[in-house]
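Chain by chain, the residues:
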Amino acid sequence: MIITITVNPSVDRLYSVNKFQPGKLNRVETIKKMVGGKGINAARVASILGTLTYASGFLGGENGEFVLHSARREQFVPDFIQVNGETRNCYTIIEKNGNKTEINETGFLITPKNMYVLRSRLHALLNTTDVSSISINGSLATGMPTDSYVDLIKFIHAIDSKIKIILDTSGNSLKDVVSSSQFPDFIKPNEHELAEILDKPVTTDPLTLMKNINNSDLKKIPNIFVSLGENGGFVKHYSQFYTVKIPKIHAVNTEGSGDATVGGILNALDRHSNFIEIMKSAMAAGTANAMETKTGYIHRQNFQNIKNQIQINEILATV
Ligand code: ATP
């Protein structure tokens, strides 16, 4: 069994307009309302792939009810903690020409007491079930110090050091983890998030990525999956480095592909797969998500077809 943790999920609304005109009356052509949250997307993908999955984190207010109601139609088990305040709304206004305007609320305030309840719930789950891996996904909620994920990782490791932890976040919360002694087993930055953490220009060149990682604090993180959109991925596994080539697909909506990648890692870890299989499962899940209009969703058949075509090459150069 696996657990995903999303401390700041959202209810996402997608408004389609012909042309967005700030300061004017804009008429919406279509509205799509859906559950947002990186850990929820990862949970959906892992559960579609057959893994018993608990989706944890915080929910509040009517939007929280909406998330729970939607989760009843899903294959994962919703295991959220109710807090005061409202789960945030995130709005995307999408124009005919593809331009996007995003308006994101900050959401509820998370207190130390809320974090205590989350840790207690995790403690109870870890003591009563067989959990192979836990992912911590997305941005921190208001009120949470930037080192909150450091504490969470330390807490999980103290209960069971064998549980694999995957961290998918960015900015200061990732920086704090990377500079601490409590690091996760896996991180999954895209090339932009990696460049930010390394304080280097954005690159997809494998040798430069390898050199940049080896010369930074990231070197101590055992597994780094750098997702490179349609260019597949670049992977660090201890002292080994790989490029992962994905087959050509017809991409429909790439949103949530990174979350699906995490879902693929979780699924493979739960199956006790070898590292080659973990890389294939991760990249196949991300790629299969890009074929769907729904965010954070895959079809198993697409996943399997893509997985069979993935090419992995070890980088043998020494830098
Ligand atoms: P998000 O934040 O939207 O979840 P991300 O930026 O973290 O995404 P990406 O690098 O965009 O992650 O994508 C993750 C994986 O999804 C890629 O490694 C690749 O396998 C697949 N993918 C993404 N975009 C495409 C695309 N246009 N065509 C094919 N596969 C794609």
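Residues numbered from 1 in each chain as written. Predicted model: local features only at pLDDT ≥ 70, side-chain atom pairs only at ≥ 80, totals over all residues. Heavy atoms only, no water.

With that out of the way, let us pick up the packing of helix α1 (residues 38-48) against helix α8 (residues 257-270). Packing of α1 against α8 leaves a shortest axis separation of 7 Å and a crossing angle of 50°. Comparing their axes, α8 and α1 come out oblique. For the crossing formed where α1 meets α8, the hand is right-handed. Where α1 approaches α8, its residues K38, N41, A42, V45 and A46 are matched on the opposing element by D259, A260, V262, G263, G264, L266 and N267. (Axes fitted to C-alpha atoms, helices over the stretch in contact; angles between N-to-C directions. Helix = DSSP H or I, 4+ residues; strand = E, 2+ residues; numbered from the N terminus. Parallel < 35°, antiparallel > 145°, perpendicular 65-115°, else oblique. Left-handed = near helix turned anticlockwise from the far one by under 90°. Contact = heavy atoms within 4.5 Å.)

Attention now moves to the site of the ligand. Not every one of the 22 residues close to the ligand is listed here, only the nearest: N190, S227, G232, G258 and T287. For the ligand, the accessible surface in isolation is 630 Å², of which the surrounding protein chains cover 84%. Elements supplying a minimum of two residues to the shell around the ligand: α8 and α9 (275-290). For the shell around the ligand, the class distribution of residues is 6 nonpolar, 11 polar and 5 charged. (Near = heavy atom within 4 Å. Areas by Shrake-Rupley, 256 points an atom, 1.4 Å probe, with all protein chains shown as cover. Nonpolar A, V, L, I, M, F, W, Y, C, P; charged D, E, K, R; others polar.)

A word on the UniProt feature "domain: Carbohydrate kinase PfkB" (unreviewed entry) in the chain. Here, the residues flagged by UniProt with the feature "domain: Carbohydrate kinase PfkB" (unreviewed entry) are residues 10-295. Between the end C-alpha atoms of residues 10-295 the distance is 13 Å, and the span holds 37% helix and 24% strand. (UniProt positions renumbered as here; feature names shortened; annotations may be inferred.)

Take the sheet that holds strand β8 (residues 133-137) next. Read from one edge of the open sheet, 10 strands run β5-β4-β1-β8-β9-β10-β11-β12-β13-β14, paired in mixed fashion. Two strands in the sheet have a free side with no partner beyond their single neighbour: β5 (77-82) and β14 (311-314). As paired elements, strand β10 (residues 186-187) and strand β11 (residues 223-227) share 2 bridges and run parallel to each other. Bridging from a neighbouring strand, F186 pairs with N223 of β11. Against the sheet, helix α4 (residues 148-159) engages β1 (2-6), β8 and β9 (164-168), with an angle of about 170° to β8. (Pairing = 2+ DSSP bridges.)

Attention now moves to the layout of surface pockets. Each pocket or cavity is described by its volume, and for the second largest pocket that value is around 480 Å³. R44, E74, K294, T295 and Y297 are, among the 18 residues lining the second largest pocket, the residues nearest its centre. Of all elements in the fold, only β3 (30-36), α1 and α2 (61-71) reach the threshold of two or more residues within the lining of the second largest pocket. In terms of residue class, the lining of the second largest pocket is built from 5 nonpolar, 7 polar and 6 charged. (1 Å grid on protein atoms, 1.4 Å probe; cavity = no way out; pocket = protein on both sides within 12 Å on 5 of 7 lines; lining within 4 Å. Points joined across faces, edges and corners; volume = space filled by probe spheres on them.)

Moving on to the nonpolar core. Grouped together as the largest cluster of nonpolar side chains are 47 residues, with contacts concentrated most on I3, I5, F58, I136, L152, L218 and F234. Discounting residues that sit within four places of it in the chain, I136 has contacts with I5, Y149, L152, I153, I156, I165, I166, L167 and D168. Within the second largest apolar cluster, 31 residues are counted, among which are I166, A268, M283 and A288. (Core = buried A, V, L, I, M, F, W, Y, C linked by side-chain atoms within 4.5 Å. Buried < 20%, exposed > 50% of the residue type's maximum accessible area, 1.4 Å probe, protein only.)

Tallying each qualifying case throughout the model produces 1 cavity of 30 Å³ or more. Computed from the structure, the largest cavity encloses a volume of approximately 40 Å³. Taken together, E191, L194, A195, L198, K200, P201, V202, T203, L209 and N212 make up the lining of the largest cavity. Counting only elements with at least two residues in the lining of the largest cavity, the list comes to α6 (191-198) and α7 (206-214). A per-element tally of the lining of the largest cavity places α6 first, with 4 residues. Of the residues in the lining of the largest cavity, the class split is 6 nonpolar, 2 polar and 2 charged.

The 4 strands lie next to each other as β3-β2-β6-β7, forming an open sheet whose pairing is mixed. Pairing within the sheet leaves two strands with one partner each, and these edge strands are β3 and β7 (100-104). For this sheet, the mean angle separating the axes of adjacent strands, direction not counted, is 15°. Examined bridge by bridge, strand β2 (residues 10-17) and β3 share 7 bridges and lie antiparallel to one another. Each bridged residue has a counterpart across the sheet, and for V11 the counterpart in β3 is V35.

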